[in-house]
Structures are given as C-alpha cells and as structure tokens.
Amino acid sequence: MRVIAGEFRSRVLKSLPGLDVRPTPDRLREALFSILTPRIRGSVFVDLYAGTGAVGIEALSRGAERAIFVENNQDALEVLRFNLKSLGLEGRGRIWLGRAAHAIPKIGSVDIAFLDPPYPLEQEYEKALTALADDPPGLTIAQHSSRFALEESYGVLKRGRVLKQGENMLSFFAA
C-alpha cells in the first residue's frame, strides 16, 4: 500500500495482514480524491474505522490541514501510529481509540468524514451516519460493498452521489 499523490506521493505505508482491516484499494482512493480535490486543501478530515490510516494520510498528503483517525483495533492503531511517525505527521494527525459512533460526538466539527467499517459490521454504517447527522460535516463518504445497500438518508444527511468500482461503492452524503 502506498500514498498515491501529494506531498508523500509513492511513500509506502505499512499494512496489517488478515481480514480484520480491509484497506481501501489504491484505485478507489485515487477516484475518491479526484472527486475531493476542490475541497481537501485546508480541511479537517476524519477517517472513521481508519485501519492503517491510508485514507486519512492520503488526505494529509493532498493538503488537508488535520486528520482525525478513529479505530477500535489495537493492532491497526499500532500500524497507524507507525505510518504517521514514518511520514512525520504526528502533529497533524490525532488518533482516537474506540468505536466510531461513540467518538463522533466528541470529535467536534470536521469538513469531510470518511467511513469504511469492516463489511461484516453492517450495523456500524447506520450508527456512524446517524451520529454524523447530529453535527454534519460538509461532506460524508461511506465506502461499502456493492452487495450492501445504504439508506438514501440518515437524519439530515442525504445521499447525492454513488460511485461503484468493482465490489466497492462510495456513497456521498451532505446535509
């Protein structure tokens, strides 16, 4: 796994073996950040279910001011800390240990939220999206399996765009 573009382009990120953490494929990250280009510079980005941090690190590499990483898996957090340190990003990245739905109310305002729970934890989508709807970011993106249909809305968050790539989908929500 590597950083695709920006300040840390081509830098390799440490990953975690096994299926507990499923990294966002490079092609999908590339498509996501092509869409986010006009919004990313200077933003506060939250990477929920961060795993190894690849999506939030990509946001930082492309000009996000800060990134907040929320992860519940202790092994993934160790890899995430390593990746931030190896790129000198400890000062721009904040790490939260715990479930996303519990962390969201404590995080404060963010510009862009990205969530990608492990696919077997489908109930996490509703919990996290409902929590985000209480203080909605400018844009919320959920990565999910093409076999799993998200609702059209969660509170004030309404889905406006869907991008399908292989088995993965990105659903874009805004208030």
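Residues numbered from 1 in each chain as written. Predicted model: local features only at pLDDT ≥ 70, side-chain atom pairs only at ≥ 80, totals over all residues. Heavy atoms only, no water.

Caption draft 1: Expanded view of the packing of helix 1 (residues 26-40) against helix 2 (residues 54-61). Two elements in contact, helix 1 and helix 2, have axes whose closest approach is 11 Å; the angle formed by their N-to-C orientations is 40 degrees. Regarding the angle of helix 1 to helix 2, the classification is oblique. In the packing of helix 1 onto helix 2, the handedness of the crossing is right-handed. Residues R29, L32, F33 and I40 of helix 1 lie in contact with helix 2, whose contacting residues are A54, V55, E58 and A59. (Axes fitted to C-alpha atoms, helices over the stretch in contact; angles between N-to-C directions. Helix = DSSP H or I, 4+ residues; strand = E, 2+ residues; numbered from the N terminus. Parallel < 35°, antiparallel > 145°, perpendicular 65-115°, else oblique. Left-handed = near helix turned anticlockwise from the far one by under 90°. Contact = heavy atoms within 4.5 Å.)

Caption draft 2: Seen up close, the side chain of T24. Within the secondary structure, T24 sits in the segment before helix 1. Not counting residues up to four positions away in its chain, the partners in contact with T24 are R29, V55, F114, D116 and Q143.

Caption draft 3: Looking closely at the nonpolar core. L32, F33, L36, F45, I57, F69 and I141 are the most contacted members of the largest nonpolar core, which totals 29 residues. Elements that contribute at least two residues to this core include exactly helix 1, helix 2, strand 2 (66-71), helix 3 (74-86), strand 4 (112-115), strand 5 (139-145) and strand 8 (168-174). When neighbours within four sequence positions are excluded, I141 is seen to be in contact with L32, L36, I112, A113, F114, L115, L170, S171 and F172. Counting residues in each nonpolar core, the second largest holds 26 residues, with V70, A103, V110 and L132 among its members. (Core = buried A, V, L, I, M, F, W, Y, C linked by side-chain atoms within 4.5 Å. Buried < 20%, exposed > 50% of the residue type's maximum accessible area, 1.4 Å probe, protein only.)

Caption draft 4: Focus on the packing of aromatic side chains. Tallied over the entire structure, the rule returns three aromatic pairs. When the ring of Y125 is compared with that of F148, the centres are 5.3 Å apart and the planes differ by 40 degrees; the resulting orientation is tilted. Of the two residues, Y125 is situated in helix 5 (residues 123-134) and F148 in the loop between strand 5 and strand 6 (153-154); the sequence distance between them amounts to 23 residues. Given the relative accessible area of 1%, Y125 is considered buried. Here F148 falls in the buried class, since its relative accessible area comes to 18%. (Phe/Tyr/Trp six-rings, centres within 6.5 Å; stacked < 30°, edge-to-face > 60°.)

Caption draft 5: Highlighting the sheet that holds strand 5. Read across the sheet, eight strands follow the order 3-2-1-4-5-8-7-6 without closing on themselves; strand pairing throughout is mixed. Each having just a single partner strand, strand 3 (93-97) and strand 6 make up the two edges of the open sheet. Note: strand 7 (residues 157-165) against strand 8, seven bridges, orientation antiparallel. For Q165, the partnering residue across the bridge sits in strand 8 and is N168. (Pairing = 2+ DSSP bridges.)

Caption draft 6: Molecular detail of the pairing of strand 4. Burial along strand 4 is two-sided: the residues I112 and F114 and A113 and L115 are all buried. Across four bridges, the pairing between strand 1 (residues 44-48) and strand 4 is parallel. Paired with V46 across the strands is A113, a residue of strand 4. The pairing of strand 4 with strand 5 spans four bridges and is parallel. Paired with A113 across the strands is T140, a residue of strand 5. In this fold, strand 4 hands off to helix 5, which returns the chain to strand 5; that crossover is right-handed. (Right-handed = clockwise from strand over helix to strand, strands pointing away.)

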